[in-house]
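Results of the structural survey
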Amino acid sequence: MSRFNYPFVFLLSLLAATVHAQTDRNAAAAPQAASAARSPMGLPLGWRSEFGAGLIVNPKFAGSDEYNVTPIPYFDFRYVDEAGTKFFANVPQGLGGYLYRSGRHASGASFKVGASIAPGFNVRDDSIDGLEEVGLATEARLFVEVASGRWSGNATFAQDVGSGHEGTYLDLSVNRRGRLMGGRGFYAVGPVLRFGDSVYKDSLFGITPEESAETGFPEYSAEAGVERVGLQGLVSLPVGKSKWRFTTIVRGSQLIDNAAASPIVVDETQFFFLTSLTRNF
């Protein structure tokens, strides 16, 4: 059965803490007046650290109508400078940073290019006897973000470099962003579209001749193309006036094309849910 990649999370937190400590030593030499400065999103400059607990709910396999519910340790490190977030380490985004960031203009327009190593949550567990399991992926990601005012667009290219789906996919998304609770909270919501190559799609939806003999399902090959279209949202809110914060990411998507046509697909409508309660340090 698929399990959350705890070693990945541990390594992510260890690397983030190392970078955190090094940057803090460098920042200690900066003038105290810099602490009063703010990023374009109104965040204080320097490191922001949050620790707590979270919960991930994801399908047992792509196309399943049953879900894994997994508690996880949750953390969010990020380094903020005058241009916004520069480095980050958290469960959804992984460990990474921005390679290029344009300066924000009066309109709020910006252009960013970044890279990260991050977990991929599309899996295929042992729910169907005879099918090869596909665990959580370790993905190398390259992403581009374009923003203007309250709107942003994102393109993320991801390649598995571990022992997960082993393929490549491209995510395209558009988000409407805003602030809540006097600027202390924020949200983002918008449509998402995913394209996958044949390796990625076959690992999740394909059935080899050997698997066909074991399961009774007909042989099936899912060629490269669109996998799903959906809607996702993020909300992050402070808990009262404390240092605690509640964050939730929800995504609902519809499998389409040859992904939806796979014999193993039970439910074409898929959901992903991640929520966390963290304390700022």
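Residue numbering note: each chain is counted from 1, following its sequence as written. For this predicted model, a pLDDT threshold of at least 70 governs which residues receive local features, and a threshold of 80 or more governs which side-chain atom pairs are given and counted, while totals over whole chains, interfaces and linings are taken from all residues. Water and hydrogen atoms were dropped before computing side-chain values, which therefore reflect all heavy atoms in the structure.

This part is about the sheet that holds strand 2 (residues 67-81). Reading around the circumference, 1-2-3-4-5-6-7-8-9-10-11-12 is the order of the twelve strands in this closed barrel, with antiparallel pairing throughout. Ignoring which end each strand starts from, the neighbouring axes of this sheet average 20° apart. By definition, two strands form a pair when at least two bridges between them are found by DSSP. Strands here are runs of E lasting at least two residues and helices are runs of H or I lasting at least four, both read from the DSSP assignment and numbered beginning at the N terminus. Where strand 2 meets strand 3 (residues 84-90), six bridges bridge the pair, whose relative direction is antiparallel. Looking across to strand 3, one finds that Asp 81 is bridged to Gly 84. Contacts are assigned to residue pairs that have any heavy atoms within 4.5 Å of one another. Here the axes come from fitting lines to C-alpha atoms, over the contacting stretch only for helices, and the angles between their N-to-C directions go from 0 to 180 degrees. Across the sheet, helix 2 (residues 198-205) touches strand 8 (168-180), strand 9 (185-196), strand 10 (225-238) and strand 11 (244-255), and the angle it forms with strand 10 is around 80°.

Our next topic: the confidence of the model for the protein. pLDDT is a per-residue confidence score from the predictor, ranging from 0 to 100. In the predicted model, the protein carries a mean pLDDT of 86, and the fraction of residues at 70 or more is 83%. A low-confidence stretch, residues 1-11 (pLDDT under 50), is modelled with 28 contacts involving residues beyond four sequence positions or located in other chains. Note on residues 13-36: pLDDT under 50 across the span, and 15 contacts to partners over four residues away in sequence or across chains.

Let us now look at unusual backbone geometry. Phi at Glu 166 takes a positive value of approximately 65°, unusual for a residue other than glycine. Here Glu 166 shows up in the loop between strand 7 (151-160) and strand 8. Backbone geometry places Met 181, a non-glycine residue, at a positive phi of 55°. With respect to the element layout, Met 181 can be found in the loop between strand 8 and strand 9. Relative accessible area decides the class of each residue, using a 1.4 Å probe on protein chains only: under 20% of the type maximum gives buried, over 50% gives exposed, and in between gives partly exposed. For Met 181, a relative accessible area of 44% puts it in the partly exposed group.

Working definition: a ring pair exists when centres of Phe, Tyr or Trp rings (six-membered ring for Trp) sit within 6.5 Å. Plane angles under 30 degrees give stacked, over 60 give edge-to-face, the rest tilted. The tally for this structure, following the rule as stated, stands at twelve aromatic pairs. Arranged with centres 5.9 Å apart and planes meeting at 45°, the rings of Phe 75 and Phe 77 form a pair that is tilted. Accessibility classification places Phe 75 together with Phe 77 in one group, the buried group. Linked through ring pairs, Trp 47, Phe 51, Phe 75, Phe 77, Tyr 79, Phe 87 and Phe 281 together constitute an aromatic cluster. One cation-aromatic arrangement involves Lys 112 over Tyr 98; the distance from NZ or CZ to the ring centre is 5.2 Å. A ring is scored as having a charge over it whenever the NZ atom of a lysine or the CZ atom of an arginine sits within 6 Å of its centre and within 35 degrees of its normal. Above the plane of the ring of Tyr 169 lies Arg 194, whose end atom (NZ or CZ) is 3.8 Å from the centre.

Of the residues making up helix 2, those classed as buried are Tyr 200, Lys 201, Ser 203, Leu 204 and Phe 205. Projected onto a plane normal to the axis of helix 2, the buried residues spread over an arc of 170° and lie on a single side. In the core, the buried residues of helix 2 are packed alongside strand 8, strand 9, strand 10, strand 11 and helix 4 (257-260). The opening residue of helix 2 is Asp 197, an N-cap whose side-chain oxygen sits 3.3 Å from the backbone nitrogen of Val 199. Note: the arc covers the axis-to-C-beta directions of the helix. The term polar contact refers here to a pair of N or O atoms within 3.5 Å; inside protein, the definition further demands a hydrogen-donor-capable atom paired with an acceptor-capable atom, and it admits residues adjacent in sequence only when both atoms are side-chain atoms.

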